[in-house]
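Close look at the chain arrangement
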Amino acid sequence: MDRRDGSAGTETRATGRPAAPEGLFGHGWAATDLALRYVPGAAWAAKRRAAVSARFPGERVVVPSGGLKVRSNDFDYAFRPHSAFIHLTAEQGTGAVPDSVLVFEPTGGGHEVTLFVRPRSPRDPGAGSTELYRDPRHGEFWVGRRRTLAETADALGIGTDHRDRVEAALGARVPTRVVRGQDPLVDSLVPPSAAADEELLAFLSELRLVKDAWEIEQLDSAVRHTVAGFHDVAGELSHAMRARRGERWIEGTFNRRARLEGHGLGFETIAAAGAHACALHWTRNDGPVRDGDLLLLDAGVEADSFYTGDVTRTLPVGGRFSDVQRRVYDLVFAAQSAGIAALRPGAPYGAFHDAATRVIAEGLDAWGLRPGGRYLPHESSLYRRYTVCGTGHMLGLDCHDCAAARDETYAGGALEAGHVLTVEPGLYFQPDDLTVPEELRGIGVRIEDDFVVTADGARCLSSGLPRDADGIEAWMSATRG
């Protein structure tokens, strides 16, 4: 693979050969402009932009996409725009262009919205014409075709202008709110206002709390593909058991499905076998997968629309739970079932966590692991040693969606129809924890499913996978033939 130095010089670092003269590229190109229709979801994104305009009359609002991030030397990570930018544009997968900036410019009747974006690499001789073949980050010879400005306007239903004009666009003195930390140029052009910018970020996050019909379709699709990835894994456990680093076989199996059916992963796959399941976010995935162990798989496919699934199953690698493994699994299953039963519009957001936690605490009491005292929903006691984290979270464009929302609208609020969230209790007995019997040490169990709150309860998006221990064993037996 050719290496690059990121410059527009006359020599490449890898070969030392002179770069081609400009005249070689300045002619002989066919007209290839496209007539594009709206991307899926563009009409819904227009409604969200209208909500932003109504919320901040007379103020400029700036939402950058963010840019490329270096992985090592002259190679970048795959680009993913900021979630607020996605939500307001409906940009899709590989169509997203780094360093784009969405600007709401106030007018007498609302806002004029413009997307400042880098268009196709120019072919004609003149300023910028060497980008095509000399710029390894943005040149079309290097990274592929982008849309023209007109094509982007047609696809997204937003007025467009060249990225190079964003500085001029932000020059006029207008009260301005910015999603900061995404674009150094934008941050330098607009003096910070911590309170105003924080309020903007909170509003954009809260705008995603209740999903519209199109978003729920995207989440349905992402979770459906996630479920398919779990079926793939169940069918390849025998291969994983033979591999030196079987967790990576599991990871690769799921990741293949994510790239085949969607944009990629919603988050790094957790493929945790044996005691690794006791690490909540185990992503090293460098261990073996042994008969007799449990495998905790926590994974999600991110759709081309960037909405993601997030599902966890804990599987007995050999196909059947041992008695002690089943005892732990059954308690977590009972806790999840109690949490699911608490999902309904109007219920406090924390109700499903409290319901699941009560079952966990009572079960640990019965095992003698939290002796004495009665259970209180929010007390800090020994059971936290074995559960550590909460029981679920909002789900959407981010796996942990709407993170900047105010407490009174999220964790301290009430469930509404259109909320999409996970329910995922777990028990994690560390391998060196002397407060539990030896037979429990090194066992980690989590069960996670995705739900959309409806008018009268909740619908499970991940119902294509069994949840209970008997169902897990039957599924694994059938998958292995």
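What counts and what doesn't
Residues numbered from 1 in each chain as written. Predicted model: local features only at pLDDT ≥ 70, side-chain atom pairs only at ≥ 80, totals over all residues. Heavy atoms only, no water. Helix = DSSP H or I, 4+ residues; strand = E, 2+ residues; numbered from the N terminus. Polar contact = N/O pair within 3.5 Å; in protein donor to acceptor, adjacent residues only side chain to side chain. Pairing = 2+ DSSP bridges. Axes fitted to C-alpha atoms, helices over the stretch in contact; angles between N-to-C directions. Phe/Tyr/Trp six-rings, centres within 6.5 Å; stacked < 30°, edge-to-face > 60°. Buried < 20%, exposed > 50% of the residue type's maximum accessible area, 1.4 Å probe, protein only. Arc of directions from axis to C-beta. Contact = heavy atoms within 4.5 Å. Core = buried A, V, L, I, M, F, W, Y, C linked by side-chain atoms within 4.5 Å. pLDDT = per-residue confidence, 0-100. Parallel < 35°, antiparallel > 145°, perpendicular 65-115°, else oblique. Left-handed = near helix turned anticlockwise from the far one by under 90°. Nonpolar A, V, L, I, M, F, W, Y, C, P; charged D, E, K, R; others polar. Salt bridge = Lys/Arg side-chain N within 4 Å of Asp/Glu carboxyl O.

Our focus in this paragraph is the side chain of serine 83. Among the structural elements, serine 83 can be located in helix α2 (residues 83-89). In terms of polar contacts, serine 83 uses its side chain to reach the side chain of arginine 80, at 3.1 Å.

Right, let's get into the sheet that holds strand β17 (residues 458-460). An order of β13-β16-β17 is seen for the 3 strands of this open sheet, with the pairing classed as antiparallel. Edge positions in the sheet fall to β13 (420-423) and β17, since each has one partner strand and no second. Pairwise comparison of adjacent strand axes, ignoring direction, gives a mean angle of 35 degrees for this sheet. As paired elements, β13 and strand β16 (residues 449-453) share 4 bridges and run antiparallel to each other. Directly across from leucine 421, in β16, lies its bridge partner phenylalanine 451.

Bringing the packing of aromatic side chains into the picture now. For the structure shown, the criterion picks out 10 aromatic pairs. Residues phenylalanine 230 and phenylalanine 254 carry aromatic rings whose centres are separated by 5.9 Å and whose planes lie at 80 degrees to one another, so their mutual orientation is edge-to-face. Here the residue phenylalanine 230 occupies a position in helix α9 (residues 213-235), and phenylalanine 254 occupies one in helix α11 (residues 246-261), the gap between them amounting to 24 residues. Owing to a relative accessible area of 0%, phenylalanine 254 belongs among the buried residues under this scheme. Judged by centre distance (5.2 Å) and plane angle (50 degrees), the rings of tyrosine 386 and phenylalanine 429 are tilted. Pair noted here: tyrosine 386 is in helix α14 (residues 384-387) and phenylalanine 429 is in the loop between β14 (426-428) and β15 (444-446), with a separation of 43 residues, a long-range link.

On to helix α5 (residues 149-156). All buried positions along α5 are accounted for by Glu151, Thr152, Ala155 and Leu156. For α5, the angular spread of the buried residues around the axis is 110 degrees, confining them to a single face. Residues of α5 that are buried in the fold lie against α1 (42-55), α2, β5 (110-117) and β6 (159-162).

With that settled, the discussion passes to the nonpolar core. Ile250, Leu364, Leu427, Phe429 and Val445 are the most contacted members of the largest nonpolar core, which totals 57 residues. Broken down by element, the residue count for this core peaks at 8 residues, all from α9. Other than its neighbours up to four places away in sequence, leucine 364 contacts Leu331, Leu369, Arg370, Tyr383, Tyr386, Leu427 and Phe429. Residues Val39, Val52, Phe85 and Leu200 belong to the second largest nonpolar core, which totals 24 residues.

This brings us to the confidence of the model for the chain. Taken over all residues, the pLDDT of the chain has a mean of 92, while the share at 70 or more is 92%. Scored below 50 in pLDDT, residues 4-17 shows 22 contacts in the model against residues more than four places distant or in partner chains.

Let us look at the packing of helix α12 (residues 323-341) against helix α13 (residues 351-366). One way to put it is that α12 packs onto α13 with a least axis distance of 7 Å and a crossing angle of 150 degrees. For the element pair α12 / α13, the angle class is roughly antiparallel. Crossing geometry of α12 relative to α13 is assigned as right-handed. Two secondary-structure elements touch here, α12 through Leu331, Val332, Ala334, Ala335, Ala338 and Gly339 and α13 through Phe352, Ala355, Ala356, Val359, Ile360, Gly363 and Leu364. In terms of residue class, the contact of α12 with α13 is made up of 11 nonpolar, 2 polar and no charged.

Within the secondary structure layout, threonine 253 lies in helix α11. We classify threonine 253 as buried; its relative accessible area is 2%. At 2.8 Å, the side chain of threonine 253 forms a polar contact with the backbone oxygen of tryptophan 249. Leave out the neighbours within four places in its chain, and threonine 253 touches Asp232, Val233 and Glu236.

Per the counting criterion, the structure on display carries 34 salt bridges. Note that glutamate 59 is salt-bridged to arginine 177, the shortest N-O span being 2.8 Å. Taken together, the positions of glutamate 59 in the loop between α1 and β1 (60-64) and arginine 177 in strand β7 (residues 176-178) put the pair 118 residues apart, joining distant regions of the chain. You'll find glutamate 59 and arginine 177 in the same group, each marked buried. Here glutamate 261 ties to arginine 257 by a salt bridge, and the two come within 3.1 Å at their closest N and O atoms. One end of the pair is glutamate 261 and the other is arginine 257, both in helix α11 and 4 residues apart, which spans about a single turn. Of the residues examined, glutamate 261 reaches a relative accessible area of 29% and is grouped as partly exposed.

Attention now goes to the sheet that holds strand β9 (residues 270-273). Spatially, β9-β10-β12 is the arrangement adopted by the 3 strands of the open sheet, whose pairing is antiparallel. Two strands in the sheet have a free side with no partner beyond their single neighbour: β9 and β12 (311-316). Direction aside, neighbouring strands of the sheet carry axes that sit 10 degrees apart on average. For strand β10 (residues 294-299) and β12, the ladder comprises 6 bridges, and the chain directions are antiparallel. Of the residues in β12, the one forming a bridge with leucine 294 is proline 316.

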